[in-house]
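Letter by letter, the chains look like this.
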Amino acid sequence: MTDSNYVLEMLNIVKTFPGVRALDNMSLRVRPGTVHALVGENGAGKSTLMKILSGQYAIDEGRIFFQGRELHPQNAADALNAGISMIHQELSPINDMTIAENVFLGREPMRAGGWMVDFPKMYRDTERLFDKLGVTYNPRARMGTLSVAGMQLVEIAKAISREASLIIMDEPTSAITETEVEILFRQINELRSNGVAIVYITHKMDEIFAIADDITIIRDGSFISTGAVADFDSQKLISMMVGRTITEIFPKTAVPIGKEIIRLENLSGKGFSDVSFTVRAGEIVGLAGLVGAGRTEIARAIFGLDAARSGKIFVEGEEVHIGTVRDSIRRGIAMISEDRKQEGLVLQRSVKENTSLAYLKQFSSRLKIDGKTERERVREMIQLLQVKTSSMDTQVSTLSGGNQQKVVIAKWILGDVKVLILDEPTRGIDVGSKSEIHRLMGRLAQQGMAIIMISSELPEVLGMSDRIVVMHEGRMKGIIAREEATQETIMHMAVSEPTAS
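Residues numbered from 1 in each chain as written. Predicted model: local features only at pLDDT ≥ 70, side-chain atom pairs only at ≥ 80, totals over all residues. Heavy atoms only, no water.

This part is about the sheet that holds strand β1 (residues 8-17). Across the sheet, four strands lie side by side as β2-β1-β4-β5; this open sheet has antiparallel pairing. The two strands at the open ends of the sheet, each matched to only one other strand, are β2 (20-30) and β5 (69-70). In the packing of helix α1 (residues 46-53) onto the sheet, the strands contacted are β1, β2 and β4 (61-66), and the crossing angle to β1 comes to about 110 degrees. (Pairing = 2+ DSSP bridges. Helix = DSSP H or I, 4+ residues; strand = E, 2+ residues; numbered from the N terminus. Contact = heavy atoms within 4.5 Å. Axes fitted to C-alpha atoms, helices over the stretch in contact; angles between N-to-C directions.)

What follows is the structure, encoded as structure tokens:
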């Protein structure tokens, strides 16, 4: 018997994978016209539950009711036809197709007769959709030209365009900035007022309390609690999510700032111009700005992924010429990409193979790898970073997002790193893992490493940075000391036109 107060009821859901009971009698009830936050640590079972609802996984036990009828989704098409759309955390764009083709993939408007795609209509419909959402991308551009954040915005637009009765949003703001979040929240409020239900998965506490009506907490695949958002505060919510109290999400410790490690002088390249700043031993310098401000482009130039057009880079006072990633590694520069799955990990390989990948020469002699030394060093990294894995031989794709991120960090700090660039270091990971990675950043700073951190989360920038470089449309707006920085100051600089030099 279903309850007419709910648009969705998932009752006593069980899902088992080989050796793992991912969901254990988990239940979720969602009211129509509400935003329902589904929260828990990485690996708690949130995405698994939603993949069952959206037809990607078969159910083992339990029942699903949607709009008063029992639902048995066998695939994504069944869910879409029922009125359920999902924005996935892990994006899967078709990079060689246009943005409009990605938005309307599988439901392209056809010309009379139904034998040819009506491309002009597809582009017009995409433009109207983007105008409504405040998205400025050209629908005719190739999807592969967008950043991760851009792809995320397009995925959001795609889901909204389906006019579903229930939209699942799995970490929709993990790669977008405050301005884009405001656009998304306005659209969510409009959807809610039109009776659409939203299941909202996020690790960001401020978002939960800003947008949610109800909260359900899941831990280790099991139901923990549900209720109105007013029944919770952030500390209570975190404690119930992780089963323990986390005293500090941003455990910034005072570290003696040492000598200059890296200096940029008037560096220009793809997407940025005339950037100058230094980072000293023990210092964390945050790069802040909106999507498209040039933050990642600066990091890619420092690391040798893209060539700088002009300007200079100095490491420990010596000018260096970085043309390739190999050059940067030799100089002690490492970079952790914002997209760990595409650019940071070989998902089909083990934790050990991923950890030692960048520095195999350390363990090699005459084309032979010293397996014993390799395993010893990898074991040290696993213990140092507290990577939760049954074995170093476990395939890295099976780890949670937070532990995958730790493996990426381990891969780089295994070597002699002087400068560590972190691009969105806690994107898409839970609050417990965030705290652990922030503590690790503090320990690395204490060891004298110079850290450049790019983050779209202003609380993270403010909480972890000693100084903050603010970017706007590829140019520096200024550098703010930690004690002078506020969200308002950063945002004001980030949206203002650069000062003429």
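Here we take up helix α17 (residues 487-495). For α17, the complete set of buried residues consists of I490, M493 and A494. Down the axis of α17, the buried side of the element spans an arc of 100 degrees, and every buried residue falls inside it. Of the residues in α17, the exposed ones pointing more than 90 degrees away from the buried face are E488 and H492. Buried positions along α17 lie against β13 (284-288), α16 (458-464), β21 (467-472) and β22 (475-481). (Buried < 20%, exposed > 50% of the residue type's maximum accessible area, 1.4 Å probe, protein only. Arc of directions from axis to C-beta.)

Once that is clear, we can look at the side chain of E9. Looking at the secondary structure, you find E9 in strand β1. A residue is classified by how much of its surface remains accessible, and E9, at 4% relative accessible area, is buried. Separated by 3.5 Å, the side chains of E9 and R29 make a polar contact. (Polar contact = N/O pair within 3.5 Å; in protein donor to acceptor, adjacent residues only side chain to side chain.)

Pairing is antiparallel across the open sheet formed by four strands, whose spatial order is β12-β11-β14-β15. Every interior strand has two partners, whereas the edge strands, β12 (272-280) and β15 (318-320), have only one. Strand-to-strand twist in this sheet, taken as the mean axis angle between neighbours without regard to direction, amounts to 15 degrees. When strand β11 (residues 260-269) meets strand β14 (residues 308-315), the two strands line up antiparallel, connected through six bridges. Within β14, the residue paired with E265 across the bridge is K312. Of the strands in this sheet, β11, β12 and β14 are in contact with helix α9 (residues 295-303), which crosses β12 at around 70 degrees.

Take the environment of E61 next. For E61, the location among the structural elements is in strand β4. Residue classification places E61 among the partly exposed positions, given a relative accessible area of 46%. Remark: the alpha-carbon pair of E61 and L8, spanning 53 residues in sequence, is separated by 17 Å. E61 has contacts with N12, I13 and V14, leaving out every residue within four places of it along the chain.

We now examine the packing of helix α14 (residues 401-413) against helix α15 (residues 431-446). Across the interface, α14 lies against α15 with an axial gap of 10 Å and an inter-helix angle of 15 degrees. As the angle between them shows, α14 and α15 are arranged roughly parallel. In this structure, α14 meets α15 at a crossing whose hand is right-handed. In contact with G402, Q405, K406, I409 and I413 of α14, α15 contributes S433, E436, I437, L440 and L444. Considering only residue class, the contact of α14 with α15 consists of five nonpolar, three polar and two charged. (Parallel < 35°, antiparallel > 145°, perpendicular 65-115°, else oblique. Left-handed = near helix turned anticlockwise from the far one by under 90°. Nonpolar A, V, L, I, M, F, W, Y, C, P; charged D, E, K, R; others polar.)

Interaxial distance between helix α13 (residues 371-385) and α14 falls to 10 Å at its minimum, and their mutual angle equals 130 degrees. In this view, α13 runs oblique relative to α14, as classed from their interaxial angle. In the packing of α13 onto α14, the handedness of the crossing is right-handed. Between α13 and α14, the residues in contact are M381, L384 and L385 and K406, I409, A410 and I413, respectively. Across the contact of α13 with α14, the residue classes tally to six nonpolar, no polar and one charged.

We now examine the pattern of salt bridges. Applying the stated criterion to the full structure yields 26 salt bridges. Put simply, R192 and D213 hold a salt bridge, and the shortest N to O gap is 2.9 Å. Highlighted residues: R192 in helix α6 (residues 178-193) and D213 in the loop between α7 (205-211) and β9 (214-219), separated in sequence by 21 residues. For R192, a relative accessible area of 18% puts it in the buried group. Taking the relative accessible area as the measure of exposure, D213 reaches 24% and is therefore partly exposed. Where E283 meets R280, a salt bridge forms, and the shortest distance between an N and an O atom there is 3.2 Å. Note on E283: relative accessible area 1%, which makes it buried. Salt bridges linked by common partners bring K121, D125 and R128 together as one network. (Salt bridge = Lys/Arg side-chain N within 4 Å of Asp/Glu carboxyl O.)

Another point: the pairing of strand β7 (residues 166-170). Counting buried positions along β7 gives five out of five residues, so the element sits mostly inside the fold. The alternating pattern of β7 places L166, I168 and D170 and I167 and M169 on opposite faces, both of which are buried. Pairing geometry for strand β6 (residues 84-87) and β7, over four bridges, is parallel. Paired with S85 across the two strands is I167, which belongs to β7. Pairing geometry for β7 and strand β8 (residues 197-201), over five bridges, is parallel. Across the sheet, residue M169 finds its bridge partner in β8, namely Y200.

No statement about biological role is implied by the geometric values presented.
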